[in-house]
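Chains, contacts and geometry: an overview
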Amino acid sequence: MTESPQEHEHDPDRDILDRVAGGDIESFAVLVGRHEQRLVGLCERMLHHPEEARDAAQEVFLKVFRKAGTYRPRGKVYTWLYRIAVNHCLNLLRRRKLAKFLSFGEAGGTQPDYGDDHTTFDPEDSAPDAENRLASKRRWHETRRQIDALPSGQRAVLVLAKFENLSYREIAEVLEITEGAVESRLFRAMQRLRAPQENRE
Amino acid sequence: MNHDKRQLMRLLHGELTTEEAAQLEARIEGDDELRAAYEHLASTWHSLELPTPQPVPLEFSNKIGAAAKQQLELGLGPLPAPRWFRTVAATALSTGIILGLLLGGTFSEAGLTADSALQAGVFQVDGLKVESLQAELDLGPLSLAEIYWLSVDDQELLFTESATDEAPATTTSPGGSVP
């Protein structure tokens, strides 16, 4: 991967991470505070389950704490955090898939059922009536279903591009792939997804 | 057309420069097929919608801070782990497994119980069962280390996370990069 201009900019997280590597708990708290919303949000969009996402994000931060000393500057610190989070979520999804497969479809699997219990409240959703709220939930459900059907590599790229608003370059840094590979995966993901009018057919 | 569609995707995601975007938009205006492709792509893209993640509860960071402090007290704080060491360790593990497979045949012959071997045929490393599992689960190519962990710890279904924490996930997508 070629060096980006960003790499020459000062990244305040790098100093914080250096202190964390020395075992500074207060600096770790600062790092958590700066990125918790972002990482929990990413985990939630990857796992589609708020409680599981918070647990996952906690594990990610503890991994970051342990691995702070191994960080090698190759871009912004947040892309490294994202990388750990994405791979942690993909591992959880693999386990979930495998557990489901080995249970041979037994009831009570670990796959979220997307019922109301797992549907997060959307503060921006100011739909005045129940009908609109129901329509929103249907769209969320359909999006989750479609994302879940994607291979893990495409799923990660799509979530990072669409919901985390990362550029191709940032996604490439997070996943340690080329921008061309990001483009390919996103393109293939979009080919697999169905437009709303196709779903109605 | 695929190149055009990729460019349309770049346009949609804001990856093109102002000049490139203007050129492509002009082409879309004068090309029915391209316009239809763009509208389809845009419609799919904009239809993707997920709820805004919930705000992180206040106790979240306290909980993590306490856990980190506990780790530190237990001597599990941040420790530098040079990459060369991990690489050597991973290579040694893989080499050991490959040798084990070559010399010992299947996992079941290598001492695993028959019960474990029955677990969906994961451990019959004859190529077929593992491949069918990969296809079924869309797991991507399983590394030998992963197969090993699947076989020896089928209850907890452990994967070798240390090998994938920072490395990107592998995929089986045709023509894509396999990191």
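Keep in mind the model is a prediction, meaning the values are calculated, not measured. (Residues numbered from 1 in each chain as written. Chains lettered and ligands numbered in written order. Predicted model: local features only at pLDDT ≥ 70, side-chain atom pairs only at ≥ 80, totals over all residues. Heavy atoms only, no water.)

**Side note on the overall build of chain B**
When helices and strands are counted, chain B shows eight helices and zero strands. Walking chain B from its N terminus toward its C terminus, one meets helices and strands in the order α-α-α-α-α-α-α-α. Every one of the 179 residues in chain B was classed for burial, and the buried ones make up 36%. Carbon and sulfur atoms make up 58% of the accessible area of chain B, which amounts to about 10,200 Å² in all. (Helix = DSSP H or I, 4+ residues; strand = E, 2+ residues; numbered from the N terminus. Buried < 20%, exposed > 50% of the residue type's maximum accessible area, 1.4 Å probe, protein only. Areas by Shrake-Rupley, 256 points an atom, 1.4 Å probe, with all protein chains shown as cover.)

**A short note on the nonpolar core**
In terms of nonpolar packing, the biggest core is built from 76 residues, with A:Met46, A:Val86, A:Leu158, A:Leu160 and A:Leu175 touching the most fellow members. Among the elements that make up this core, the one with the highest residue count is helix H4 (residues 77-102) of chain A (12 residues). Beyond its immediate chain neighbours, meaning those up to four positions away, A:Leu158 contacts A:Ile147, A:Leu150, A:Phe163, A:Leu186, A:Met190, A:Leu193, B:Trp45 and B:Leu48. (Core = buried A, V, L, I, M, F, W, Y, C linked by side-chain atoms within 4.5 Å. Contact = heavy atoms within 4.5 Å.)

**Description of the environment of B:Tyr38**
Residues and elements named next belong to chain B. Looking at the secondary structure, you find Tyr-38 in helix H3 (residues 32-47). Note on Tyr-38: relative accessible area 23%, which makes it partly exposed. Put simply, Tyr-38 and Leu-8 are 30 residues apart on the chain and 6.2 Å apart in space, counted from C-alpha to C-alpha.

**With respect to helix H3 (residues 50-67) of chain A**
Helix length check: H3(A), at 18 residues, gives a terminal C-alpha distance of 25 Å against a target of 26 Å (1.5 Å per residue), a fit within 8%. Of the residues making up H3(A), those classed as buried are A:Pro50, A:Ala53, A:Ala56, A:Ala57, A:Gln58, A:Val60, A:Phe61, A:Leu62, A:Lys63, A:Val64, A:Phe65 and A:Lys67. (Expected span 1.5 Å × (residues − 1).)

**Some points on the packing of aromatic side chains**
What the rule picks out here adds up to four aromatic pairs over all chains. Note on A:Phe61 and B:Phe60: the rings are 6.4 Å apart at their centroids and 70 degrees apart in plane angle, and the pair reads as edge-to-face. Residue A:Phe61 is found in helix H3, and its partner B:Phe60 is found in helix H4 (residues 59-73); the two belong to separate chains. The buried category is assigned to A:Phe61, whose relative accessible area is 0%. Looking at B:Phe60, the relative accessible area reads 4%, which means it is buried. An angle of 65 degrees between the planes, with centres 5.0 Å apart, marks the rings of A:Tyr71 and A:Trp80 as edge-to-face. For A:Tyr71, a relative accessible area of 9% gives the class buried. Its end group placed over the ring of A:Tyr78, A:Arg38 keeps NZ or CZ at 4.4 Å from the ring centre. (Phe/Tyr/Trp six-rings, centres within 6.5 Å; stacked < 30°, edge-to-face > 60°. Lys NZ or Arg CZ within 6 Å of the ring centre and 35° of its normal.)

**Considering the pattern of salt bridges**
All names here are of chain A. Tallied over the entire structure, the rule returns 11 salt bridges over all chains. One salt bridge connects Arg-45 with Glu-164, and the closest N-O pair in it is separated by 3.2 Å. In this pair, Arg-45 is assigned in helix H2 (residues 25-47) and Glu-164 in the loop between helix H6 (152-163) and helix H7 (168-175), connecting sequence segments 119 residues apart. As far as burial versus exposure is concerned, Arg-45 and Glu-164 are alike and both buried. Among the ionic pairs, Arg-169 bridges to Glu-179, the shortest N-O distance being 3.2 Å. Linking Arg-169 in helix H7 with Glu-179 in helix H8 (residues 179-192), this pair joins segments that are 10 residues apart in sequence. (Salt bridge = Lys/Arg side-chain N within 4 Å of Asp/Glu carboxyl O.)

**A closer look at the environment of A:Arg19**
Residues and elements named next belong to chain A. Tracing the sequence through the fold places Arg-19 in helix H1 (residues 12-21). The class of Arg-19 is partly exposed, set by a relative accessible area of 43%. For Arg-19 and Ala-68, which are 49 residues apart along the polypeptide, the C-alpha to C-alpha distance reads 8.8 Å. In contact with Arg-19, other than residues within four places in its own chain, are Asp-24 and Ser-27.

**Description of the side chain of A:Asn87**
Mapped onto the secondary structure, A:Asn87 falls in helix H4. Within polar-contact distance, the side chain of A:Asn87 engages the backbone oxygen of A:Arg83 at 2.9 Å. (Polar contact = N/O pair within 3.5 Å; in protein donor to acceptor, adjacent residues only side chain to side chain.)

**Examining the confidence of the model for chain B**
Should pLDDT be low for a region, the predicted coordinates there are not to be read in detail. Residue and element names in this part refer to chain B. For chain B, per-residue confidence averages 67 on the pLDDT scale, and 49% of positions sit at 70 or higher. When mean pLDDT is taken per element in chain B, helix H2 (residues 18-30) scores highest with 95 and helix H6 (residues 114-118) scores lowest with 40. Here residues 105-138 scores under 50 on pLDDT; set against residues more than four positions off or in separate chains, the count is 50 contacts. Confidence drops under a pLDDT of 50 for residues 147-179, and excluding neighbours within four residues, the segment shows 89 contacts in the predicted structure. (pLDDT = per-residue confidence, 0-100.)

**Looking at the state of the cysteines**
All names here are of chain A. Within this structure, the stated rule accounts for zero disulfides over all chains. Cys-43 takes part in no disulfide bond, and the closest cysteine sulfur to it belongs to Cys-89, at a distance of 3.6 Å. A relative accessible area of 0% means that Cys-43 is categorised as buried. For Cys-89, a relative accessible area of 0% corresponds to the buried category. (Disulfide = S-S within 2.5 Å.)

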